[in-house]
Amino acid sequence: MFNQILLTQFKWTRITLASISVVVFLAPAAAWRLGGSLGQPGASAIISGFSGIGPVLAMFAILGSFMLVVQPWQMDHAARHVYALSLPIKWSAYVSLRFAAGAVTLLVPTVALWLGSLLVLSMLDLPETLRGYPGALALRFFIAALLTHAATFLLQYIAGKKAGIVVLLVLVCVALGMILLEATGNRAVSEQIGRFLVEWPGPLSVFAMDWKLIDV
Amino acid sequence: MSDVIRIRDLAWRAGKEFAIRDLSMTVPSGAIYGFLGPNGSGKTTTIRLMLGMLTPADGTIEVLGHAVPKFAHRALARIGYVPERLHLYQSLTVDESIRYHRAFFPGFDDAEAERLRRHFSLREDQPIGRLSKGESGKLMMMLALAQRPELLVLDEPTDGLDPVIRREVLSALVEYVEVQKATVFISSHLVHEQERICDWVGVMDGGRMVAELPMQEFRSGIKRLRVANAPGTMDAAPFALLSREALNPQLDEWVVRGWQPEMREWFGRSGAEVRDVYDLDLEDSFVELLRGARATTIANGAN
Amino acid sequence: MFTDIDPRSPTPIYAQIADRLRLAVASGELKAGTSLPSVRALAARLRVNPATVVQAYRELERDSMVEMRQGAGTFVADVGAETKAHERTAAIKRFVRQMLTEASRLGISPADLRAALGRETSSSESL
């Protein structure tokens, strides 16, 4: 059963997967090019050069995993889920299999990123003070993607429309709150909240966009 | 053998009004059960409830010995389902959809699937979205039959298909039934098709079951009578009067249910006479039955 | 021979099948020893309930028109000339009865029917 669900998932999302994998594979190389690679740059130049990679990867992690949930869901939704409901498998089991299949497909761009990182690192001559963290970067990407995948999944499959609206409202309130705090000069509070959310081990730390391929 | 489908006092609502209420149905093992009813009577909803796709507001459903919807997934492993509209993934090819389907059904017969695919002239590499209505109808039937199920649940399986394909689909169904002795539940408004194949008939109207009996009884039990000097009152009539119409001052036309030849005596006692007895085909019987049922509902409502 | 059955006819389907086969045997269309189609094949061809075909075959067997042999199929029995003639008569009688019922429904009297029949048959003979 899982094989077939995985196969169909691959078939339906292959274009999305391929696009994201290509972008993500090229990201380290592009960051290297754009960040300045004149001869043998100094350590700080290298670090700042690659710093642009974070937001791009995070964006694609989020976008990619979102699409990977929505596209197969659309396939089921087109026929009002009648087919999925008529299969001799509990709905919870079906949803779990779809989730697991989605997670497996996320490995493709993750590996692409890892390979792209390795490739760039092999071409660079890093000074002794710096080290490359290709595995860590790829792992961060995978975790970010998986979290988004899970959140989107919850909204689409389990929670339904009502819960989705509730979550959206909560997020809007939080965002508004933070903006208000900033505007009224209560920096300290908003900064604390921000720090909690975004720094390790806050839930959104992977989205801090502070991903480094090369660091001390 | 025990009943394959047992439904008791089923109720379901969408919104405030009850769309289905007090619905009880029994489908015996090995029967080819025809489910008749006008559009909007709740047939498709009943089928969805039967397969655990909807949760009832009240009542019990038991299919192949399993309580539905709690254990619907266990029953579904032994059920071949053909819904009203194409439910398969349009982006898959015929071949891919066969492979997908078979991963879920333990009894799937690959050789049978191949045989039926050829018999129905379905090309393996054809995307399902490109199939004509007839072809997708054949594909759904093919997948259901290849499962070798004990129970087939078909919702308007031949509706919208051209006569040639309709015959192909029905023939394949009949062959399967003969070989496997499976139970079949067919919901269709094509009454004459139901008439050939079904040995049981269940009539639904307005969210309720109006009649459930063997096909032969249904066909032979409803008659049209030409009655001279018809009695005004109906005390202790041995049959059920579905409708009556005065053709002229001396002659009435009555449609009755449960007619036996000996019942002429009842008329004789009040000075009336049955001039003629006509058979009704299933379509007319069905129409008259509904007319009678609706009149009763109105009468009961008025009380 | 196995032309479509009429689900609308008041005659039960199994009787329609049986009557048609009876006539075929009586007229010599189906010779002794010929095998009839299997229940499965005939039911599929006519798109009727297989039990209906079984019922038809059983009735024919009861009337000694066919023999159902386990595992081998159903075969036309050796039917004597007297039985054949009797069957032919019975088939014609059934046909006429049906015609009379239909005529009565349409308000055509037996006398009118007889006259029309006489006219039609004499004109077709002269063709």
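Computed from a prediction, not measured in an experiment: that's the story for all the values here.

A. Seen up close, the side chain of His-192 of chain B. With respect to the secondary-structure elements, His-192 of chain B resides in helix 7 (residues 191–197). His-192 of chain B has contacts with Asp-281 and Glu-283 of chain B together with Pro-7 and Arg-8 of chain C, leaving out every residue within four places of it along the chain.

B. Local environment of the confidence of the model for chain A. Mean pLDDT over chain A stands at 77; residues scoring 70 or higher make up 66%. Model confidence for chain A, summarised as mean pLDDT per element, is weakest for helix 7 (residues 187–198) of chain A at 63 and strongest for helix 4 (residues 82–86) of chain A at 93.

C. Expanded view of the interface of chain B and chain A. Each partner contributes to the interface: chain B provides 22 residues, whereas chain A provides 20 residues. Of the roughly 2100 Å² buried between chain B and chain A, counting both surfaces, carbon and sulfur atoms make up 68%. Run the count over chain B and chain A and you get 1 salt bridge. Salt-bridge contacts for Lys-11 of chain A lead to Glu-96 of chain B; the nearest nitrogen and oxygen are separated by 2.5 Å. On inspection of chain B and its partner chain A, the count reaches 8 residue pairs in polar contact (both at pLDDT 80 or more). Of all the elements in the fold, those that place two or more residues in the side of chain B that touches chain A are helix 2 (72–76) and helix 3 (94–102) of chain B. Counting residues per element, the side of chain B that touches chain A draws most heavily on helix 3 of chain B, at 4 residues. Looking at the side of chain B that touches chain A residue by residue, the classes come out as 13 nonpolar, 5 polar and 4 charged.

D. Main features of the sheet that holds strand 9 (residues 200–205) of chain B. Residue and element names in this part refer to chain B. Strand order in the open sheet made by the 6 strands is 6-7-8-3-9-10, with mixed pairing throughout. Bordering the open sheet on either side are strand 6 (79–82) and strand 10 (208–214), each of which pairs with just one other strand. Averaged over all pairs of adjacent strands, the angle between strand axes in this sheet comes to 15 degrees, irrespective of strand direction. With 4 bridges joining them, strand 6 and strand 7 (residues 151–155) adopt parallel strand pairing. Bridge pairing in strand 7 places Val-82 opposite Leu-154. Running over the sheet, helix 1 (residues 43–50) touches strand 3 (32–36), strand 6, strand 7, strand 8 (183–187) and strand 9 and is turned about 145 degrees from strand 8.

E. Region of the structure containing the layout of surface pockets. Taken as a whole, the largest pocket holds about 970 Å³ of empty space. For the largest pocket, the lining is made up of 38 residues, of which Ser-9, Pro-10, Thr-11, Gln-16 and Gln-98 of chain C are closest to its centre. The set of elements that each furnish at least two residues to the lining of the largest pocket consists of strand 11 (222–228) and strand 14 (273–279) of chain B together with helix 1 (13–26) and helix 4 (81–106) of chain C. In terms of residue count, helix 4 of chain C provides more of the lining of the largest pocket than any other element does, 11 residues in total. Of the residues in the lining of the largest pocket, the class split is 15 nonpolar, 7 polar and 16 charged.

F. Inspection of the sheet that holds strand 4 (residues 58–63) of chain B at higher detail. Residue and element names in this part refer to chain B. Strand order in the open sheet made by the 4 strands is 2-1-4-5, with antiparallel pairing throughout. On the outer flanks of this sheet lie strand 2 (18–27) and strand 5 (66–68), each paired with one strand and no other. On average, adjacent strands in this sheet sit at an angle of 25 degrees to one another, irrespective of strand direction. Where strand 4 meets strand 5, 3 bridges bridge the pair, whose relative direction is antiparallel. Pairing of Val-63 across the sheet is with His-66, part of strand 5. Sheet strands in contact with helix 1 are strand 1 (5–13), strand 2, strand 4 and strand 5, and its direction is about 65 degrees off that of strand 2.

G. Examining the pattern of salt bridges more closely. Applying the stated criterion across every chain yields a total of 33 salt bridges over all chains. When the shortest N-O distance is used, the salt bridge between Arg-196 of chain B and Asp-4 of chain C registers 2.5 Å. Taken together, the residues span two chains, with Arg-196 of chain B in helix 7 and Asp-4 of chain C in the segment before helix 1. Classification of Arg-196 of chain B as buried rests on a relative accessible area of 8%. According to the relative accessible area criterion, Asp-4 of chain C is partly exposed, its value standing at 42%. Beyond isolated ion pairs, a larger network of salt bridges with shared partners links Asp-19, Arg-22, Glu-59, Arg-62, Asp-63, Glu-87 and Arg-94 of chain C.

H. Structural view of the environment of Asp-125 of chain A. All names here are of chain A. Within the element layout of this structure, Asp-125 appears in the loop between helix 5 (91–123) and strand 1 (131–132). By relative accessible area, which is 56% here, Asp-125 ends up exposed. Separated by 30 residues in sequence, Asp-125 and Val-95 have C-alpha atoms that sit 47 Å apart.

I. Representation of the interface of chain C and chain B within the structure. Taken together, the contacts link 19 residues of chain C with 20 residues of chain B. Here chain C meets chain B over a buried area of about 1900 Å², counting both sides, of which 52% is carbon and sulfur. Here chain C and chain B share 2 salt bridges between them. Put simply, chain C and chain B have 8 residue pairs in polar contact (both at pLDDT 80 or more) between them. With 5 residues, helix 2 (residues 39–46) of chain C is the largest single contributor of residues to the side of chain C that touches chain B.

Calculation rules
Sequence order sets the numbering: in each chain, residues are counted from 1 along the sequence as written. Just so you know, chain letters begin at A and ligand numbers begin at 1, following the order they were written in. The predicted nature of this model means local features are confined to residues of pLDDT at least 70 and side-chain atom pairs, given and counted, to a pLDDT of 80 or more, with totals for whole chains, interfaces and linings taken over all residues. Values shown for side chains rest on all heavy atoms present in the structure; no hydrogens or waters enter the calculation. Secondary structure elements are taken from DSSP: a helix is a run of H or I of four residues or more, a strand is a run of E of two residues or more, and numbering for both begins at the N terminus. The contact criterion used is simple: two residues touch if any of their non-hydrogen atoms lie within 4.5 Å. Residue-level confidence of the predictor, termed pLDDT, takes values from 0 up to 100. We define buried area as the total accessible area lost by two parts upon association, computed with a 1.4 Å probe and summed across both. We define a salt bridge as a contact between a side-chain nitrogen of Lys or Arg and a carboxyl oxygen of Asp or Glu at a distance within 4 Å. Within 3.5 Å is the distance limit for a polar contact, defined as a pair of N or O atoms, with the added protein rule that one can donate a hydrogen and the other accept it, and that residues adjacent in sequence qualify only through two side-chain atoms. Ten residues, namely Ala, Val, Leu, Ile, Met, Phe, Trp, Tyr, Cys and Pro, are considered nonpolar, four, namely Asp, Glu, Lys and Arg, are considered charged, and the remaining ones, Gly among them, are considered polar. Any two strands are treated as partners once DSSP identifies two or more bridges connecting them. To obtain an axis, a line is fitted to C-alpha atoms, over the contacting stretch when the element is a helix, and the angle between two such axes runs from 0 to 180 degrees between their N-to-C directions. Grid points spaced at 1 Å and placed over the protein atoms alone form the basis of the search, with a cavity being a set where a 1.4 Å probe fits but cannot get out and a pocket an open set showing protein on both sides within 12 Å along at least five of seven lines. Lining residues have an atom within 4 Å of a point. Grid points are joined across faces, edges and corners, and a volume is the space filled by probe spheres set on the points. Buried means the residue's accessible area, taken with a 1.4 Å probe over protein chains only, is under 20% of the maximum for its type, while exposed means over 50%, and partly exposed covers the values in between.

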